[in-house]
Each structure stands twice: as structure tokens, then as C-alpha cells.
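# A look at the structure
What follows is each chain in one-letter form.
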Amino acid sequence: MHGLALGDLNIEVQEADGKLVQRWKGSSNSRDPSVGLRPFLELAVAEASTRKLVLELHFEDLGHFNSSTVATLLRFIEKCGQKAVKLVLYYNGSQRWQGHNFEAISLLNRSSGLVEVHRVDSGDAPERMS
Amino acid sequence: MNAGQPVQKTARFDEYRDVLIHDWMKILAIAGVVLVPLFLLLDYVTMPTELLRKFAAYRAAATATSLVQYLILRSTRPSRFSFVHGYVLSFLVAGMIVWMTVDLGGFNSAYYAGLMLVIFPINVLLPWRSFHAAMNGLLAVGLYVVANLALGGDFTASAVVNNLYFLLSSVVLVVALSETRYRLLQGEFRLRAALEDTNTSLETSRQDLKLARDKLWSEMEVAQRIQTALLPKNRRLGGYEAEAVMRPAEEVGGDYYDFLETRQGEHWVTIGDVSGHGVESGLVMMMTQTTIATLVNDLPGRKPSEVFVHTNSVIRENVSRLGGTRYMTLNVFRLDRESVTVAGKHQDILVWRAAADRVETLSNQGTWIGVVDDVRNAVEDQTIGVKMGDWILLYTDGVTEACNARGEFFGEDRLRKAFARVAGKVSLPRAVAELLDEVRQFAARTDDDQTLVLLRRVE
């Protein structure tokens, strides 16, 4: 699977040890992520589901995302749940805006067990939240 | 492709050509009025004295008829018969010249050359078909031949051949020129028509764009109206003074806040942010406001977490029905005498402690509205003690994520410092205005709504 370059957003994709790893960089400020981001994420879910891969998304280096991106991510998380794809999210705890968003996401998905949200502070080892 | 278009274009070309013929005929008639009498000077120099009066009379008659023709052309509109004027003018002026050649002895007279001054300008200037050029030229030559054969004097064959050679050559030339010119005119018209069609198409596109823009503005106005119509007035809420300001973004974000005083005397404050922009966000905001207002009035003593959980059920259901993907960050506050209880997940809460002159940052644990059906396990009440004189600052991400030209966020640190500078030092309205002003000066542009809510315990 290839990465995605969409405006200021760059997503690098790697595959290793049964994981499909995405690293989000830059800013995701698109008013309508359904054009580029949603199909990209849906493809990732389909591939992970078919090949039984774990999806790992890293947001630590991301500068900013808007609420439309969060809405797209929420739908993506829902899709992962429907397809029984294990999802692991990493965020930068020293970025307050990331904390606000991922703290809420981790609580939303506490019950499913399919989504793990890890807080990574600069230089720290990942801390599991749910 | 419309089969009627070529026919329509041909009709448009004929009209265009008739207008040109009509206009050029006016110029030719004026030329006749000016040049025909002017040639009396040549007559004076070259003609026998006894013929001068006669020639002057001919010229006067031709000039008068040219003038009449000009007046007729001025008082009539171009039509498919406008070309007839070309024949009439040729007949009158060429007839005058022919009559002079007859008086001068027929084919032997050199005045036949004057006919070329009729044949050339009329057939070169009038944008008509080569057929008319041929007919018009032959009319002049025919008059010349018939009149001089019938009424002219003796002549030599060589003179006739010479004169007709030049005259007919002139006719051939004007026929070729007319045909060339007519084709050029048709080409020019096709280009003009294409340009006009393009202009019409551009105008239609411009109108369509204007309509689309008006529709978009209308939608944005509706969204803005929804967003601002329900905003409460700043006022006292029990033992708290409340002041808020919202600066909507150009494209209308989804910021929301409310001050509520229930029938039972409870006081509630809400602040939130619906994802996305536009009318749909506004609708979610409006549904949230209505749901919360109903819930807190319906049953006194509810906890903020209960209000949040019930609101989530309603909004989740309605967002699903709308087929949307909206979610909402929301904090629900109940103001009590010595504390404030909050539920939900929104931005951090800044509290300025009057006794210590210090700002505390309080994170709220919880989740969002509209994402999952049941949030009972994700939301709990959090109580914040509030002493007399303490200030509470609530805000939306449009404030902390306002970007300067270098792409830096305004951030919580700047907001906290700005809050510490104004809290307890100025009035609530002044404090809100100064905070917003600081954000405005920092930000290079306004991409999102900016909302600030200040509470101060005064009792």
C-alpha cells in the first residue's frame, strides 16, 4: 500500500511484522477529507482485514488536524471495529491538542477492545491508555 | 447539435451585411453630393464653353438626386432591399456621365473614364456579392453603349474597343474584388459570431456562478443565523456574573455556548464545538441547545453527566438519521453556590484563584457527543470548588489554535498568561474584549470560530 500526500498532510506507509504502519506528518486541514483521506483509510482497513494485519497509526509528528479529519478518523475506527481489524493509535501527549482528541477517542472505544490508544511523551516509552 | 443553428447564423449574417450596405450607401451618397459638383471644375477647364451650362444642369440634377437618396437612407432602416440603392446611385451618376459623353460626341469622347469612378467606389465599398458587382458594372457599361450607339456621333471601331476594353476590365476587377471582400466579410462575421457566442456563454457562466455564489452565501447566512440566533445575553447566573463573546469564522464553524436559568432556579453553562462547518453543524448545535434546555428544565437536580448522556443519545440518533458524520465536543456545567460541576470533554478549564492570584489548568475527563450510542461509562462529573472572586475561563479551539503567519498556534500558554493579566484587574466585559483582541492581533487569519466565556463568582 502506498502513502498519501494531501495538501500539507503526508502519510508514510510501511509494512513490518504483521503490521501496516502509517506515520502522519504535517497538517490535515482539508474541509472535505472524503475526497482523499477517507478512501485512503478505507483501503487500509480493507487490506488489513484481508491480510489479517494490525493497523498502527502514529500521530506523534503531526502538527495539527481539524475536526473534519477527526470525524473521518472516527468513521475509520468504526470501520475497523466492523471488520474486526485491530487498531493501535499513538499520539504525542506533550501536544495538548492531541491530548484533547485522543483522550476522548480512547474513552469512546474503551469497550470494544479492538482499539488501543497510546500516549507518547517526547522521549518517553509509549504509555497505554486503553 | 441544433439543426436550426446554421439557418439562424445565415439570417444573422444577412442582417449584418444589410446594415453594412445601408451604412456604406450613406457614405457613397454623400460622396456623390460632394464629388459630382466638384467635377464642374474639370468641366470648366476641359469642356467647350457652350456645354458648361448643360453639364452644370446635369451635375445639379445628379447632386440633388444623390442628396435625396442620402435623406431616404437616413430616414429608413437597413433591409434586404438596401442593395437597390447601389443600383439607383450607379444609374443616376453613370447616366449623367453617359449623357455627357453623348453630348461630347459619343464613343470618341474621353469622358467615359468617369464611369470608372462610378464602377469602382460603389462596387468596392458595398459589401455585396460579386453577382451584384457584375450587374452594377454592366448597368453602367450598358447605359454607355446603348446611349452612345443610339444618340452618339460618329465613332471609330478602335475607339469603341478601347473604351469597352477598359470599362469591362474594370467590371472584371470589381467582380473579383467584390467576391474576395464578400468572403472576407463572411469570415469576419463567423469570427464575430463565435466571439459573441463565447461572450454569451461567458455571461451565462457568470450568471450561473453568481447564482451559485448567492446560494452559497445564502447557506452561509442561514448557518450564521442558526449559530448566533440562540446565543444568550450576558447576564448574572445566580451567584455568578457571566460574559461571553463569539467571533464567527468567515465560513461559520460550529462553536456553541449557552447560559441557562431553569424554572426551578438552577444555573447551567454549556460550551462546545460541532465538527465541520455550515448548516449541518448549525443544526447539530441547535438540537443540542434544545435538548439541554429541555433536560435541565424538565427535572431539577440532574447531574451534568446525566444531561450529557441523554443529550448524546438524542444527538447520536439525529446525526445518524441525517446520515452525517458530525460529532461535538461539549462541556456541561452546573453552577452551584460554592462549586461548579462539569461533565463531558472539551478544552481545558482555566480557573483564576483570586486568593492566590494564580491560574489553574483543569483537564476534563470524558468524551464527545454523537459518536457512540451509549457514553455512560465514559462520562463522569467533576466538581471544581469556586471561591468568592474566582474567575473561570472557557474557550473553544479556535482560540488556542489561532495561527500566526509563521504557523504557530496561539496556544494555551499564551491564553493562560493573558488570562492572568486581566483576571481580577478589569471588568468581565473588558477582560473578554482584551483576550479576544490579543488573539486577533496574534492570528494571521480566522479559519475557525473563536469563543470565550468568562464566569466570576460574585456572591
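Reading the values: the criteria
Residues numbered from 1 in each chain as written. Chains lettered and ligands numbered in written order. Predicted model: local features only at pLDDT ≥ 70, side-chain atom pairs only at ≥ 80, totals over all residues. Heavy atoms only, no water. Patch = residues over 30% accessible without salt bridge, like charges linked within 9 Å, V, L, I, M, F, W, Y side chains within 5 Å. Areas by Shrake-Rupley, 256 points an atom, 1.4 Å probe, with all protein chains shown as cover. Salt bridge = Lys/Arg side-chain N within 4 Å of Asp/Glu carboxyl O. Helix = DSSP H or I, 4+ residues; strand = E, 2+ residues; numbered from the N terminus. Core = buried A, V, L, I, M, F, W, Y, C linked by side-chain atoms within 4.5 Å. Buried < 20%, exposed > 50% of the residue type's maximum accessible area, 1.4 Å probe, protein only. Contact = heavy atoms within 4.5 Å. Buried area = accessible area lost by both parts, 1.4 Å probe. Nonpolar A, V, L, I, M, F, W, Y, C, P; charged D, E, K, R; others polar. Pairing = 2+ DSSP bridges. Axes fitted to C-alpha atoms, helices over the stretch in contact; angles between N-to-C directions. Phe/Tyr/Trp six-rings, centres within 6.5 Å; stacked < 30°, edge-to-face > 60°. 1 Å grid on protein atoms, 1.4 Å probe; cavity = no way out; pocket = protein on both sides within 12 Å on 5 of 7 lines; lining within 4 Å. Points joined across faces, edges and corners; volume = space filled by probe spheres on them. Polar contact = N/O pair within 3.5 Å; in protein donor to acceptor, adjacent residues only side chain to side chain.

A separate point is a nonpolar patch on the surface. Residue and element names in this part refer to chain B. A surface patch of nonpolar side chains, about 700 Å² in accessible area, is lined by I30, V34, L35, L38, F39, L41, L42 and L117. When contributions to the nonpolar patch are tallied by element, the ones reaching two or more residues are α1 (4-38) and α2 (40-46). Sorting elements by how many residues they give to the nonpolar patch places α1 first, with four residues. Structurally, F39 is set in the loop between α1 and α2.

Another aspect to go through is the nonpolar core. Nonpolar side chains tend to gather and get buried jointly when the protein is soluble and globular. Residues M96(B), Y144(B) and L167(B) are the most contacted members of the largest nonpolar core, which totals 42 residues. Of all the secondary structure elements, the ones that give two or more residues to this core are α1, α3 (49-75), α4 (84-103), α5 (116-125), α6 (130-151) and α7 (157-229) of chain B. In terms of residue count, α4(B) provides more of this core than any other element does, nine residues in total. With sequence-adjacent residues up to four places away left out, Y144(B) is seen in contact with V98(B), T101(B), F107(B), Y112(B), L115(B), N163(B), L164(B) and L167(B). Counting residues in hydrophobic clusters, the runner-up holds 39 residues, among them I11(A), A71(A), L74(A) and V115(A).

Moving on, we come to the interface of chain A and chain B. Counting residues at the interface gives 21 residues for chain A, matched by 22 residues for chain B. Between chain A and chain B lies a buried interface of about 1900 Å² when both sides are counted; carbon and sulfur atoms form 54% of it. Taken together, the links from chain A to chain B amount to two salt bridges. Two residues, K345(B) and E103(A), come together in a salt bridge whose shortest N-O distance is 2.6 Å. By residue number, the principal contributor to the side of chain A that touches chain B is helix α3 (residues 96-108) of chain A, which donates nine residues. Tallied by class, residues from the side of chain A that touches chain B come to eight nonpolar, six polar and seven charged.

So, on to the sheet that holds strand β3 (residues 255-261) of chain B. The pairing of strands in a sheet comes from backbone hydrogen bonds and takes either a parallel or an antiparallel form. All names here are of chain B. The strand order β3-β4-β5-β6-β9 describes an open sheet built from five strands, whose pairing is antiparallel. Across the chains shown, the open sheet's two edge strands, defined by having one partner strand only, are β3 and β9 (382-385). The mean inter-strand angle of the sheet, taken between neighbouring strand axes irrespective of direction, is 20 degrees. Taken together, the six bridges between strand β5 (residues 328-335) and strand β6 (residues 339-345) define a ladder with antiparallel strand orientation. Bridging across to β6, N331 finds its partner in G344. Relative to the sheet, helix α8 (residues 279-298) contacts β3, β4 (267-274) and β5, its axis offset from that of β3 by approximately 20 degrees.

Bringing the packing of aromatic side chains into the picture now. Each pair of aromatic rings is reported with the distance of its centres and the angle of its planes. All told, the structure shown has 20 aromatic pairs over all chains when counted by the stated rule. Arranged with centres 4.8 Å apart and planes meeting at 50 degrees, the rings of W24(A) and F59(A) form a pair that is tilted. Taken as a pair, W24(A) in strand β3 (residues 19-28) and F59(A) in the loop between β4 (54-58) and β5 (62-65) lie far apart in primary sequence, 35 residues in all. Overall, the relative accessible area of 0% leaves W24(A) in the buried class. By relative accessible area, F59(A) is classed as buried at 0%. When the ring of Y87(B) is compared with that of W128(B), the centres are 5.4 Å apart and the planes differ by 50 degrees; the resulting orientation is tilted. Here W128(B) lies in the loop between α5 and α6 and Y87(B) lies in helix α4, a separation of 41 residues in the sequence. The pair formed by Y87(B) and W128(B) is uniform in burial state, with each residue classed as buried. An aromatic cluster of at least three residues, connected via ring pairs, comprises W24(A), F59(A), F65(A), Y91(A), W97(A) and F102(A).

For the rest of this paragraph, the subject is empty space enclosed by the protein. Using the criterion set out here, one finds two cavities of 30 Å³ or more in the structure. In this structure, the largest cavity occupies an estimated 220 Å³ of space. Around the largest cavity, the lining comprises 18 residues; the ones closest to its centre are N101(A), Y327(B), T329(B), Q347(B) and D397(B). Sorting the residues of the lining of the largest cavity by element identifies β5, α2 (67-82) and α3 of chain A together with β4 of chain B as the ones contributing at least two each. Counting residues per element, the lining of the largest cavity draws most heavily on α3(A), which supplies three residues.

Once that is clear, we can look at the pairing of β5(B). Residue and element names in this part refer to chain B. Extensive coverage of β5 is indicated by the burial of eight of its eight residues. Where burial is concerned, the two faces of β5 agree: the one with M328, L330, V332 and R334 and the one with T329, N331, F333 and L335 are both buried. As defined by bridge partners, β4 adjoins β5 across eight bridges and the pair is classed as antiparallel. Across the sheet, V274 pairs through a bridge with M328, a residue of β5.

All right, on to the sheet that holds strand β8 (residues 358-362) of chain B then. Residue and element names in this part refer to chain B. One open sheet holds the six strands; their spatial order is β1-β2-β11-β10-β7-β8, and the pairing between them is antiparallel. Of all strands in the sheet, those with a lone pairing partner are β1 (236-237) and β8, marking the two edges. Pairing between strand β2 (residues 240-247) and strand β11 (residues 450-457): eight bridges, direction antiparallel. Bridge pairing links M246 to T451 in β11. In the packing of helix α11 (residues 411-422) onto the sheet, contacts are made with β7 (349-353), β8, β10 (391-395) and β11, and the angle to β10 comes to roughly 145 degrees.

This next bit is on the side chain of E266(B). Residue and element names in this part refer to chain B. Structurally, E266 can be placed in the loop between β3 and β4. Looking at E266, its side chain comes within polar contact range of the side chain of W268, at 3.1 Å. At 2.6 Å, the side chain of E266 forms a polar contact with the backbone nitrogen of G301. Leave out the neighbours within four places in its chain, and E266 touches L260, E261, V296, P300 and G301.

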